[in-house]
Amino acid sequence: ASLGAMRPLIGKLDMLLLRDAPQKCCSKRIKDRMRLLKDDVQKISSYLDELSEVEDPPPMAMCWMNEARDLSYDMEDYVDSLLFVPPEDPSLFANNIKATRSLRKWFSRVKTSQTQVISAGTLSEFRRYVQEAIQRHQRYNLHSCRTLRRRFVSHGPMVLPRPYEETADIVIDGRMNEFINSLATDGDQQLKVLSVLGSACLGKTTLARVLYNRFRKQYNCRAFIRVSKKPDTKKIFCDMLSQLKRQHPLQHCREIDLIHDIKQYLQDKRYLIIIDDVWAASVWDTINHVFPKGNHGSRIITTTQIEDVALTCCCYQSEYVFEMKHLDDDHSRKLFFNRLFCSERDCPEQFKDVLNEIVETCDGLPLATVSIASVLASQPVMSIDLLTYIHRSLSSCFSASERTRQALNLSFNSLPQYLKTCLLYLSMYPEGYTILKDDLVKQWVAEGLIYTTEGQDIRKDAESYLDQLIGRRFIQPICVNYNNEVLSCAVHGMVHDLIAHKSAEENFIVAIDYSQKNVPLSQKVRRLSLLFGNAKYAKIPANITKAQVRSIGFFGLLESMPCITEFKLLRVLNLQLFRHAGDDDGPVDLTGISEMFQLRYLKIAGNVCIKLPNHVLQCLEILDIADARVACVPRDIHLPNLLHLGLPVDKNLLDWINSRMSLSVERVRKLQDLHLTRSSALSSDHLNRSMSSILSLLGGHGNLKTLVVAHGSSAKNARGASDVTLSLDLLAPPLLQRFEFLPHSHIMFSRIPLWIEKHGNLRILKIAVRELQMSCVDILRGSPALTALSLYVEKAPYDKIIFDKAGFSILKYFKLRFTSDIAWIKFEKGAMPNLWKLKIVFNAIPSFEKDGTALVSIEHMPGLKEISTKFGGEAPDLEYALRTLVSNHPTNPIINMPSNKTLGGEQPHRNLEQESDEILKEDPYGNLEQESDEILEEQEPDEYDERLERRQADKRYYKCSLISRSSDPSSRLHVPVPVGASEMGSEPDVEIPAAY
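Residues numbered from 1 in each chain as written. Predicted model: local features only at pLDDT ≥ 70, side-chain atom pairs only at ≥ 80, totals over all residues. Heavy atoms only, no water.

## Topic: the side chain of Ser-332
Phase 1: Looking at where Ser-332 falls in the secondary structure, it is placed in helix α13 (residues 329-341).
Phase 2: Taking the relative accessible area as the measure of exposure, Ser-332 reaches 2% and is therefore buried.
Phase 3: Beyond its immediate chain neighbours, meaning those up to four positions away, Ser-332 contacts Leu-327, Val-359, Gly-364 and Thr-369. (Helix = DSSP H or I, 4+ residues; strand = E, 2+ residues; numbered from the N terminus. Buried < 20%, exposed > 50% of the residue type's maximum accessible area, 1.4 Å probe, protein only. Contact = heavy atoms within 4.5 Å.)

In structure tokens, the structure reads:
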């Protein structure tokens, strides 16, 4: 699948010729040799392309392809040393690149000056080895592979799958319906464990997701946990606690402390827990310790392939085990034809017989059925020959697992080359890992896996690659926003096995877990995934040469991390670090990365202290250390190509900004995205000065598109974090598209800033304000590009807030939250014509002076797909109030309302901290380290609600959704605000007066 570095190599040879032409740095002899080398590289690249299209190449061809790929990497390493300015250490290449065929000798000739001198001898050596490869291709008669069957490559358009309840990836048959209904009508209040049992690829996880999505809002707290074959129990408990409490547990917590915290938190609560993919009874026994017994109607659902494990989970009560079966013929056809043609009746008559045979061959296996349907859906033209070939390929498999693997293999082979390479890259991650889309896309770009033409947005191209892989069902969307954009994703276990096998076969990625002492290697390692987990003394196998490694993904304890400075040619460095409780908290020295002149992507996740280099990082494009702590910000660090930056806002950063105020913007002049996280240790004074300095510094930045200020994991866990008041005028960057000051960052604007009205590029806005007046609405409606808006308002206005037809022409999402007061709100007919989702939240319930008064009036809004309202507090006439608070036009969607009855038939105890405060769909499966910071997907608990809850433990929470006829309010409301409800904390929030 991988073509190595052939395509980027050809482009870089062109860059060398173009760069040196005007400078006349090269003699005619060297230029001629470069052109000859480029011609030979193009020839060998065409041979590699041709062989990669053969469906089952012979072993000799596979060997030649691996040699050609390996040679392309070596050549690209040398060309990169000419194109990019390396560190001043002249021994970099000579001592650390130990390539085959005396590459060390070639690199030792390279002079480390601003303009590298191209060695004619080196070019001749490379050309000789390329010509030898061409001769071997001819000697092995690999041209004859043209007669072998070629892969069928599909190029049809693919669309994203719909949300899981509507997707065609599973069919709920009669047995499943009975199982689901039994859960819905079960009135037993004792804790109950149920297990879904079945062989691989029958849809156990998909059924568990359906159950979770259908019933999760009827519980106080819930979590969806993946276990996998090699579970890390500490990570499992971390993930569970983060989903239950909506906050990060401290990473250095001991496992026993995590168990205690989960058990304490679940005490006296009604909870729903999904434990997916349990492989051993001993693992279940360990996990089961955290669940307190009780009579609140809690439910735990496990999935497993092993009958003994299922019985162990259910205490050998077989009536609590639901065994998945293969789909019958009718449901298999429904699943297949719905995916391929939307319905069976739309299938062309000439294809029906052979398609029915293919469905029968899939043997009722949902994954195989959907995979083959996705392959055919991507074909621009369907033919009988293609259908016959697919049927014959599946018929040759005897077992169910073999059929599914063959279906996935056929689907993989049909991918275009660029999608295969990107899909293989996902084997860098552990099985079952939840991957953030933004991280994956940036890694693809940094690796050079995205091919784009001049003028195109490379990030958008990368996102389209991801969408195509999701459309072909190789990648499962985990969190999808209101606009059907994927925010996080995962890979099915069998798909992960497939791409891991192909990656190893082609030496694309070498993945090592802590149990491997030695790895059989026939080629050099180019990409290395270290899956060390919680193993304390794990090490890299001794036979791995580190000099040519281009990418590292490390998942493990800090003390097991290899010496990063030994990897001189890294392009991507992704460190997911953990600490044991009590370990030394000294800084991690990363000053050696200054020697990595090719480094483009650096992410460090984990509550660790790091020390950065004090030099130029010429090629670095992504630096994400928002979850880490910086020991000392280098005063002379220079990042001329940095595009994306994630930083903690701490004292060291403030000192650096203040000492380099005039140089700071120039050092990151290409910066497009800035994400800042607030540390809990930051004092009010430092937060004040930090934000003032940063915002005034960025006001005139010419390229900045995203500015997000949130809380870090440590701040999220801290209670009573200091709040301060800022006073500054903000000049917005002209290209700014996303502006977020999350309310949990303790930063508040006095009102909507004036610059928003004139800003033509702002798409996403999320801020907290002291008050909201009609003048503020006028400012907001003047922003022509606004598509998502979330406002947190402390003080409600006396006058009614009216949204009419003016402005908001492309707004799709609107959330309005009043944290202490009640306000009149009216949406007139035709307001916000393209709005999809409307969410209105109050932290109090009003009492009425006059019967029939509506608090929120919503007239006909043609674009609305979803409306939800929430009220908190208490009122003696609650039932009457809930019937009259909201007036909704009958043509609008019904306002969201959870059922008054839960699975056990009782009213659930609604817990404010469990209500996701998101602009988009809540991520029920997100794990701790992969939590998205998108404005459209917020995972954290609402701190305003938590403070109310702590002060008013006896207050109840209700989410109301009631329909009544439209009526205008004719009298003011008297609002019984609970004690403490108007308080935002012990100190005032940060206040940013609007810029005028």
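## Describing helix α18 (residues 417-424)
Note: α-helices contain 3.6 residues per turn, so residues at a spacing of three or four share the same orientation.
Phase 1: The element α18 is extensively covered by neighbouring structure, given that seven of its eight residues are classed as buried.
Phase 2: Regarding α18, the residues found buried are Gln-417, Leu-419, Lys-420, Thr-421, Cys-422, Leu-423 and Leu-424.
Phase 3: Next to the buried residues of α18 lie α2 (28-52), α17 (400-413), α19 (437-447), α20 (458-471) and α21 (493-505).

## Let's talk about the packing of α18 against α20
Phase 1: Interhelical geometry of α18 versus α20 gives an angle of 85 degrees and a closest axis separation of 10 Å. With respect to α20, the element α18 is oriented roughly perpendicular. When α18 is examined against α20, the residues Tyr-418, Leu-419, Cys-422 and Leu-423 are found in contact with a partner set consisting of Tyr-465, Gln-468 and Leu-469.
Phase 2: Grouping the constituent residues of the contact of α18 with α20 by class yields six nonpolar, one polar and no charged. (Axes fitted to C-alpha atoms, helices over the stretch in contact; angles between N-to-C directions. Parallel < 35°, antiparallel > 145°, perpendicular 65-115°, else oblique. Nonpolar A, V, L, I, M, F, W, Y, C, P; charged D, E, K, R; others polar.)

## Some details on helix α15 (residues 366-377)
Phase 1: Taking 1.5 Å per residue as the helical rise, α15 with its 12 residues ought to reach 16 Å, and the 16 Å between its terminal C-alpha atoms agrees with that figure.
Phase 2: Among the 12 residues in α15, 11 count as buried, and that is most of the element.
Phase 3: Those residues of α15 that fall on the buried side of the exposure criterion are Pro-366, Leu-367, Ala-368, Thr-369, Val-370, Ser-371, Ile-372, Ala-373, Ser-374, Val-375 and Leu-376.
Phase 4: On its buried side, α15 packs onto α13, α14 (352-361), α16 (384-395), α17, α20 and α21. (Expected span 1.5 Å × (residues − 1).)

## Digging into the packing of aromatic side chains
Phase 1: Counted under the stated rule, the structure contains 22 aromatic pairs.
Phase 2: Ring centres 5.7 Å apart and planes at 45 degrees place the aromatic pair Tyr-78 and Phe-126 in the tilted group. Linking Tyr-78 in helix α3 (residues 59-83) with Phe-126 in helix α6 (residues 120-139), this pair joins segments that are 48 residues apart in sequence.
Phase 3: Residue class for Tyr-78 comes out buried when judged on its relative accessible area of 1%.
Phase 4: Taking the relative accessible area as the measure of exposure, Phe-126 reaches 1% and is therefore buried.
Phase 5: With a centroid separation of 5.6 Å and an interplanar angle of 85 degrees, the aromatic rings of Tyr-212 and Phe-224 are classed as edge-to-face. Of this pair, Tyr-212 sits in helix α8 (residues 204-215) while Phe-224 sits in strand β2 (residues 221-226), placing them 12 residues apart in sequence.
Phase 6: Residue classification places Tyr-212 among the buried residues on the basis of a relative accessible area of 1%.
Phase 7: Here the basic side chain of Lys-229 rests over the ring of Trp-279, its NZ or CZ set 5.0 Å away from the ring centre. (Phe/Tyr/Trp six-rings, centres within 6.5 Å; stacked < 30°, edge-to-face > 60°. Lys NZ or Arg CZ within 6 Å of the ring centre and 35° of its normal.)

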